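# Residue-level structural notes
Spelled out, the chains give:
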Amino acid sequence: MKTDIKSLTLAELQSQLAQMGQSSFRAGQVYAWLHRGAVTFGEMTDLPKALRESLDERYEITAAQVVRKQASQQDGTVKYLWRLSDGNCVETVLMRYRYGNSVCISSEVGCPMGCAFCASTLGGLVRRLRPSEMLDQVLFTQLDAGQPISHIVLMGIGEPLDNLDTVLRFLALVNSPQGMNIGMRHISLSTCGLVPKIRQLAEKKLQLTLSVSLHAPNDEIRNTIMPVNRAYHVEALLAACRDYARMTGRRISFEYAMIRGVNDSPACARLLLKRLRGMPAHVNLIPLNEVAESPLKPSSRQTIRQFQQILADGGLPVTVRRSLGGDIDAACGQLRRKTAVTASQ
Ligand code: SAH
């Protein structure tokens, strides 16, 4: 089996090429080509032909192929469905903001977490992605868009902390100055709350933004919508978040999908306020995006405003997320490999 060359860091590539008798200068050239989107060694025209051939014998270069691309008529959001080398597909969403272009990327094919409101988990987990396959989503979106990507959110299909080693390697690749050079402060990672992994990530002291999908202020409600809560209760999750904020110096962003009659009462808002008190936190209220297979409905605008007001009055920074790409099913929780593949056939 050939080695997946784009999953290697520059240092690893240098040491592997050194074993082939090549200088670190050559490794740097190869790395630069890969991170500019070269898909064959033949394209690397400033390398000697013999080297290109021996690289081709040893290494595989991953590439994501566009199966389907949908552009929102409302806001310029673009949803890509990519085919990976083994035929599996994942989705990436490009969002255009005043501050730059942001991509929402997937970390797994499917998702094992089973949240009641989310389309990505309906078929369970198919497999985890490789570092190169995460990088390719950013790289090929940038090439297709013809504009630089400046921000990344790990909020697409999958649970990034279920695939932590891969995600860490991806972060090193995308952040590397010889690669796409996207700053950690421009990257957000969203988790449903895998407590031991949050603690492991904290040790790395990365300057990325950790988003935690809280969605409920107590176990009673959270247990009914997020199976992960039965393993890691709200109290344990918030304790890990407090430690994370202390260790990294970064405030935590809590995501809270507003679900009609489930988690949107004034009492929920007051309890949330109480539980987050003293923690450097920001709450992002997301009007639930409807998913055909789920009976859950979004809260009314008035309910959301009232909930927001209670948090704001209590001194908690709170925003309501603007939903992008609603007309192309690209909004939070609507990405779903199976539907997309079927529709593209
Ligand atoms: N597994 C990670 C990241 C992917 S989900 C996580 O759970 O955080 C990205 C965000 O979208 C999460 O906050 C998730 O809870 C939210 N989400 C999922 N389905 C949604 C829906 N139907 N409406 C609004 N937000 C949703």
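Please refer to the structure higher up on the page.
Residues numbered from 1 in each chain as written. Predicted model: local features only at pLDDT ≥ 70, side-chain atom pairs only at ≥ 80, totals over all residues. Heavy atoms only, no water.

## So, unusual backbone geometry
Of note in the backbone geometry, Asn-181 takes a positive phi value of approximately 60° without being a glycine. Residue position: Asn-181 is located in the loop between α5 (164-175) and β10 (187-191). Overall, Asn-181 belongs to the partly exposed group, its relative accessible area being 47%. (Helix = DSSP H or I, 4+ residues; strand = E, 2+ residues; numbered from the N terminus. Buried < 20%, exposed > 50% of the residue type's maximum accessible area, 1.4 Å probe, protein only.)

## Observations concerning the packing of aromatic side chains
A ring pair, where both rings are aromatic, is described by two values, the distance of the centres and the angle of the planes. Scanning the entire structure with this criterion turns up 3 aromatic pairs. An angle of 10° between the planes, with centres 5.0 Å apart, marks the rings of Tyr-97 and Tyr-99 as stacked. We classify Tyr-99 as exposed; its relative accessible area is 53%. Here Tyr-256 and Phe-307 contribute two aromatic rings whose centre-to-centre distance is 5.1 Å and whose plane-to-plane angle is 40°, an arrangement assigned as tilted. With Tyr-256 in strand β12 (residues 252-258) and Phe-307 in helix α11 (residues 301-313), the pair connects residues that are 51 residues apart, well separated along the chain. Residue Phe-307 is classed as buried on the basis of its relative accessible area, which comes to 1%. Against the face of Trp-33 rests Arg-36, its NZ or CZ located 4.7 Å from the ring centre. (Phe/Tyr/Trp six-rings, centres within 6.5 Å; stacked < 30°, edge-to-face > 60°. Lys NZ or Arg CZ within 6 Å of the ring centre and 35° of its normal.)

## Focus: the pairing of β10
Of all 5 residues in β10, 5 are buried; the element is thus mostly enclosed. The alternating pattern of β10 places Ile-187, Leu-189 and Thr-191 on one face and Ser-188 and Ser-190 on the opposite face, and all of these are buried. In the sheet, strand β9 (residues 151-154) pairs with β10 via 3 bridges, with the strands oriented parallel. Bridging across to β10, Ile-152 finds its partner in Ile-187. Each parallel crossover has a hand, and for β9 linked through α5 to β10 it is right-handed. Across 4 bridges, the pairing between β10 and strand β11 (residues 209-213) is parallel. Within β11, the position partnered with Ser-190 by the bridge is Ser-211. After leaving β10, the chain enters helix α6 (residues 195-204) and then returns to the sheet as β11, a path that is right-handed. (Pairing = 2+ DSSP bridges. Right-handed = clockwise from strand over helix to strand, strands pointing away.)

## Quick word on the pattern of salt bridges
Taken as a whole and assessed by the stated rule, the structure comprises 17 salt bridges. A salt bridge links Arg-199 to Asp-243; the nearest nitrogen and oxygen atoms lie 2.8 Å apart. In this pair, Arg-199 is assigned in helix α6 and Asp-243 in helix α9 (residues 234-248), connecting sequence segments 44 residues apart. Classification of Arg-199 as partly exposed rests on a relative accessible area of 34%. A residue is classified by how much of its surface remains accessible, and Asp-243, at 22% relative accessible area, is partly exposed. (Salt bridge = Lys/Arg side-chain N within 4 Å of Asp/Glu carboxyl O.)

## Quick look at the site of the ligand
Residues in close proximity to the ligand total 19 residues, the closest being Phe-117, Ser-190, Ser-213, His-215 and Asn-289. Phe-117 places a polar main-chain atom, nitrogen or oxygen, 2.9 Å from a nitrogen atom of the ligand. Contact between the ligand and Cys-192: an oxygen atom at 3.4 Å from a main-chain N or O atom of the residue. About the coverage of the ligand: the protein hides 96% of its 530 Å² of free accessible area. (Near = heavy atom within 4 Å. Polar contact = N/O pair within 3.5 Å; in protein donor to acceptor, adjacent residues only side chain to side chain. Areas by Shrake-Rupley, 256 points an atom, 1.4 Å probe, with all protein chains shown as cover.)

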